[in-house]
Structure formats: structure tokens, C-alpha cells
Amino acid sequence: KGTMISNMIRDGQIVPARVTLELLRDAMRGQKGPYLVQGYPKTVENLEELELVCGACTAALVLDVSEEALTSRLLERGKSSNRTDDTPEAIQRRFRTFQLQASPMLDVLQSRGVMRSVDASPSADAVFAAVCAEYERIAGGGG
């Protein structure tokens with residue numbers, strides 16, 4: 001599974017929902033929630049399948065940042081990470097895939113009133129602090 005997932009990510013593709021759900025189920029088994037799942041679901045279909053297996057999504061946290069800033073960050077990360085998906089071509093494919101597939105899923109979550117947004121343009125430390133604060137509000141029942 002690891003090689004298949006790595007190859008798909010490198011090619012800017014989305015990993016099949018069944019594979020991701022198996023990984024999530026294994027990770028969640030025996031653990032008390034709430035859970036913070038980074039980067040999933042990515043499509044309306046993923047969301048529907050996740051909710052069938054795990055229950056309704058009660059909150060979604062979106063990191064809001066420009067495509068230009070993300071590209072710059074990913075290219076910088078690619079210089080030191082040995083990641084095969086931090087090339088200009090792969091990054092552009094991932095953006096287009098996101099726009100086509102993830103945007104409708106985010107619209108569903110927005111219409112339910114469960115989506116929250118964090119400004120991800122500041123430094124990594126500032127974004128991390130903002131995400132932690134938002135997670136604590138969600139996990140603590142503060143909405």
C-alpha cells in the first residue's frame with residue numbers, strides 16, 4: 001500500500017477512498033475522539049464514505065492561503081525533503097485536482113455550517129498556534 005500511495009501522491013492523484021478509510025479505521029480503533037484528520041476527505045464521495053464508516057463530520061478546519069504562497073512553500077520544502085511531489089508540475093496538478101474535486105466537498109461542509117477557516121499566510125509557528133486554538137475550541141465543545 002505504501003508504494004501505491006507514494007506513487008499516486010507523486011503523480012498528483014488522490015488515493016482511493018477505501019485505502020484511506022482502512023488507514024483511518026486502523027488508526028482510530030480503540031482511541032477516543034475527537035479526531036483531527038489532515039487532508040481527508042478530499043471529495044464529496046470521500047465525505048459520504050467517511051460518514052458512513054465513522055459518523056457525521058462535526059467540524060472541518062480549512063487552512064486558507066494563496067496558491068502562490070503554497071507553491072513557494074512547497075518548492076522550498078522540496079529542496080530538503082526528497083519528496084517526489086514537490087515539483088512545479090506536481091504542485092500545479094495537485095492544485096487543479098483540489099479545485100475540481102475538493103471544492104464541492106468544502107461547499108457541502110460550508111452549507112452544513114461546520115467549516116472553520118484559519119489564515120495560513122503567517123509563519124508556520126503562528127499557523128500551528130491558530131490551528132491548536134481552533135482545535136481546542138472544537139474539541140472543548142466551544143463550537
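1. A few points about the overall build of the protein chain
Link 1 in the chain: Looking only at helices and strands, one finds 6 helices and 2 strands in the protein chain.
Link 2 in the chain: Counting helices and strands in the order they occur from the N terminus, the protein chain gives α-α-α-β-α-α-β-α.
Link 3 in the chain: Here the C-alpha atoms of the protein chain give a radius of gyration of 16 Å, agreeing with the 15 Å that 2.2 N^0.38 yields for 143 residues.
Link 4 in the chain: Over its C-alpha atoms, taken along the principal directions, the protein chain stretches across nearly 40 × 35 × 30 Å.
Link 5 in the chain: Taken across its 143 residues, the protein chain has 27% of its residues classed as buried.
Link 6 in the chain: For the protein chain, the share of sequence-separated contacts (at least 6 apart) that also reach a separation of at least 24 residues comes to 62%.
Link 7 in the chain: Accessible surface computed for the protein chain: about 9200 Å², of which carbon and sulfur atoms make up 54%.
Link 8 in the chain: The protein chain carries 17 positive and 19 negative side-chain charges, and their two centres are separated by 4 Å.

2. Considerations on the pattern of salt bridges
Link 1 in the chain: With the rule as written, the count across this model stands at 12 salt bridges.
Link 2 in the chain: One salt bridge connects Arg83 with Asp86, and the closest N-O pair in it is separated by 3.9 Å.
Link 3 in the chain: For Arg116, the salt bridge goes to Glu134, with nearest N and O atoms at 3.5 Å. Of this pair, Arg116 sits in strand β2 (residues 115-119) while Glu134 sits in helix α6 (residues 124-139), and the two are 18 residues apart along the sequence. Each member of the pair, Arg116 as well as Glu134, carries the same accessibility label: buried.

3. Side note on the confidence of the model for the protein chain
Link 1 in the chain: Looking at the protein chain, the pLDDT average stands at 88 and 98% of residues meet or exceed 70.
Link 2 in the chain: Across the protein chain, β2 holds the top mean pLDDT of 95, while helix α2 (residues 17-28) sits lowest at 82.

4. As for unusual backbone geometry
Link 1 in the chain: Following Tyr40, the chain continues into Pro41 via a peptide bond in cis, with omega recorded as 5°.
Link 2 in the chain: Positionally, Pro41 belongs in the loop between α2 and α3 (44-54).

5. Overview of α3
Think of an α-helix as turning once every 3.6 residues; residues three or four places apart then point the same way.
Link 1 in the chain: Among all positions in α3, only Asn46, Leu47, Leu50 and Glu51 are buried. The arc that holds the buried residues of α3, viewed along the axis, is 130°, so those residues lie on one side. Facing away from the buried surface of α3 by more than 90 degrees, the exposed residues are Glu45 and Leu52.
Link 2 in the chain: Of the surrounding elements, those touching the buried residues of α3 are α2 and α5 (88-112).
Link 3 in the chain: Gly55 occupies a position one or two residues after α3 and carries a positive phi of about 100°.

6. Quick look at the environment of Asp125
Link 1 in the chain: Here Asp125 lies in helix α6.
Link 2 in the chain: In this structure Asp125 comes out as exposed when scored by relative accessible area, which is 65%.

7. Here we look at the nonpolar core
Link 1 in the chain: Core analysis: the biggest nonpolar cluster contains 8 residues, these being Leu47, Cys57, Ala60, Val62, Met105, Leu106, Leu109 and Val114.
Link 2 in the chain: Contributions of two or more residues to this core are made by β1 (60-64) and α5.
Link 3 in the chain: It is α5 that provides the largest number of residues to this core, a total of 3 residues.
Link 4 in the chain: Among residues more than four places away in sequence, those in contact with Val62 are Leu106, Met115, Arg116, Ser117 and Val118.
Link 5 in the chain: Listed in part, the 6 residues of the second largest apolar core include Leu21, Leu24, Met28 and Tyr40.

What counts and how
- Residues numbered from 1 in each chain as written.
- Predicted model: local features only at pLDDT ≥ 70, side-chain atom pairs only at ≥ 80, totals over all residues.
- Heavy atoms only, no water.
- Helix = DSSP H or I, 4+ residues; strand = E, 2+ residues; numbered from the N terminus.
- Rg over C-alpha atoms; globule rule 2.2 N^0.38 Å.
- Buried < 20%, exposed > 50% of the residue type's maximum accessible area, 1.4 Å probe, protein only.
- Contact = heavy atoms within 4.5 Å.
- Areas by Shrake-Rupley, 256 points an atom, 1.4 Å probe, with all protein chains shown as cover.
- Lys, Arg positive; Asp, Glu negative; His and termini not counted.
- Charge placed at Lys NZ, Arg CZ, Asp CG, Glu CD.
- Salt bridge = Lys/Arg side-chain N within 4 Å of Asp/Glu carboxyl O.
- pLDDT = per-residue confidence, 0-100.
- Arc of directions from axis to C-beta.
- Core = buried A, V, L, I, M, F, W, Y, C linked by side-chain atoms within 4.5 Å.

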